[in-house]
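Structure at a glance
These are the residues of each chain, in order.
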There are 2 protein chains.
Amino acid sequence: MASADRKQRLKDETRRNILDAAMRIGREEGWQALSMRKIADIIEYTPPVIYEYFANKEALMLELTKVGYRILAKDMKAAREKHRLPEKQLEDMWLTYWNFAFAEKELYQLMFGIEVNCCVWDNSIPEAEVPANMIWEVIGELTGMENPPEDLICKRYYTFWSVVHGLISINLVRQGVPDGMNEEVLKDAIGGIIRSIKPLN
Amino acid sequence: MASADRKQRLKDETRRNILDAAMRIGREEGWQALSMRKIADIIEYTPPVIYEYFANKEALMLELTKVGYRILAKDMKAAREKHRLPEKQLEDMWLTYWNFAFAEKELYQLMFGIEVNCCVWDNSIPEAEVPANMIWEVIGELTGMENPPEDLICKRYYTFWSVVHGLISINLVRQGVPDGMNEEVLKDAIGGIIRSIKPLN
DNA sequence: TATATTTGCCTAACACTGTTAGATAATTTA
DNA sequence: TAAATTATCTAACAGTGTTAGGCAAATATA
């Protein structure tokens, strides 16, 4: 009966293997090449077994996007902890977001790709709120106000996010953005938004 | 032998019908639901016929994105012609871009979706340059310079595009952006960039 | 220990998908 | 009218996500 533990461990391992295999295929061949049969091949089981761990392919991919958000959250937290001034924190956090998008290109596509995930964006990914909340916090601090108005923070948050995500999307879809352009656009934009938040002293 | 004309007309019509059918399916059921067999059903032919008009499904969809760019170019041209001041032109052109994205949501996804079109972005869509060139022109005018430096225009162009496209993507993927937030973010951002281009007089 | 039950896993199938080869029917040319 | 060309279809291949049903091994019960 103590074998229940061992069995659970084996099941957990298989679950891990499924996710790893899916991730590997996504990275090596792109998400359009991901198939249940390929996953089954890698984990050396037959396809129906996967359905004992995930309701369907979409649920499996949803799990991967959650992994993505957890990595992103960890990275951004580390970036923040490297600085004391909110403006430095914000700058580094968005740069980290940028770097994540390219270091984990496939994960990023899964997390924000228009096609893949279309309608699963109700609140089925609580992990998505962690990075967002961090940014909100720092924007609030940067205003220097006691009780910064919610809608100001919200507006600045979306401005940040739009310009960074937009630039990333453009780069992921269309290669051939002139060299050095990205850094300049990014730094200019982030700097500009930060200036518009920071109180004049 | 004069029937050659008539035959050509019929072929053209079938080609149109194929594109229309594909567009209809994309709009009504989304692009992931688009299949050659469904198109064939609508045009009342068998699937292989489609391959006499398009090399494959991807080529068919590429044609649709070109249609998208042509509509976008027309809209933006009209927006520009409504104003004389470059700053007004720019503002209206980007607002038009914004409106297009939501009025022709499916086309926009096809044109800029990360998943759908991944690797066909070499220069196989010359139509894509028309809207871009228009914006470049107006930014150049707005600087008030005789020979505005290329890289400044380029930088501003990408800043515009990033923030607008980013905000659109976010809205298309994640619904539930707070009401009125979009307009504010958009106008603030566009206004800010325009100010950074316009010479201080 | 022998029987019953649950579990793990597989085979086989269904209904789709994009795409192609080859046969057939219709039309045009000689 | 016969030959050649063109238009269209049928049937298939190899792949997809997913599910029903069965077999065999491991476990629980008597």
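One can find the structure itself at the top, above this paragraph.
The structure contained in this document is the topic of the report that follows. (Residues numbered from 1 in each chain as written. Chains lettered and ligands numbered in written order. Predicted model: local features only at pLDDT ≥ 70, side-chain atom pairs only at ≥ 80, totals over all residues. Heavy atoms only, no water.)

1. Digging into the protein's contact with DNA strand C
Around DNA strand C sit 18 residues in total, of which Thr46(A), Ser35(B), Arg37(B), Tyr51(B) and Lys57(B) are the nearest. Within 4 Å of the protein, the contacting atoms of DNA strand C are drawn from sugar and phosphate to the extent of 56%. In the model, a phosphate oxygen of DNA strand C is placed 2.8 Å from a nitrogen or oxygen of the Thr46(A) side chain. Here Ser35(B) contributes a side-chain N or O atom positioned 3.1 Å from a phosphate oxygen of DNA strand C. Put simply, the parts of the chain that give the surface near DNA strand C at least two residues each are helix H1 (3–29) and helix H2 (36–43) of chain B. For the surface near DNA strand C, the leading source of residues is H1(B), giving three residues. The residue makeup of the surface near DNA strand C, split by class, is eight nonpolar, four polar and six charged. (Near = heavy atom within 4 Å. Polar contact = N/O pair within 3.5 Å; in protein donor to acceptor, adjacent residues only side chain to side chain. Helix = DSSP H or I, 4+ residues; strand = E, 2+ residues; numbered from the N terminus. Nonpolar A, V, L, I, M, F, W, Y, C, P; charged D, E, K, R; others polar.)

2. Quick notes on the relation of the copies chain A and chain B
By a simple turn and slide, chain A fits onto chain B: the slide is 0.0 Å along the axis, the RMSD is 0.0 Å, and the turn is 180°. These values place the two chain copies in the arrangement generated by a two-fold rotation axis. (Least-squares fit on C-alpha atoms with pLDDT ≥ 70 in both.)

3. Thoughts on the protein's contact with DNA strand D
Close contacts around DNA strand D come from 19 residues, with Arg37(A), Tyr51(A), Lys57(A), Thr46(B) and Glu52(B) the closest. Of everything in DNA strand D that lies within 4 Å of the protein, sugar and phosphate atoms constitute 56%. The contact in question runs from a base nitrogen of DNA strand D to an N or O atom on the side chain of Arg37(A), over 2.7 Å. Only helix H1 (3–29) and helix H2 (36–43) of chain A provide two or more residues apiece to the surface near DNA strand D. With three residues, H1(A) is the largest single contributor of residues to the surface near DNA strand D. Residue composition of the surface near DNA strand D, by class: eight nonpolar, four polar and seven charged.

4. Topic: the pattern of salt bridges
Within the structure shown, the criterion is met by 30 salt bridges over all chains. Residue Arg70(A) pairs with Glu63(A) through a salt bridge whose shortest N-O separation is 3.8 Å. For Arg70(A), a relative accessible area of 42% gives the class partly exposed. Glu29(B) serves as the salt-bridge partner of Lys38(B), at 3.0 Å between the closest nitrogen and oxygen. Via salt bridges that share partners, Lys155(A), Arg156(A), Glu184(B) and Asp188(B) belong to a single interconnected network. (Salt bridge = Lys/Arg side-chain N within 4 Å of Asp/Glu carboxyl O. Buried < 20%, exposed > 50% of the residue type's maximum accessible area, 1.4 Å probe, protein only.)

What is shown is where atoms sit, not what they do.
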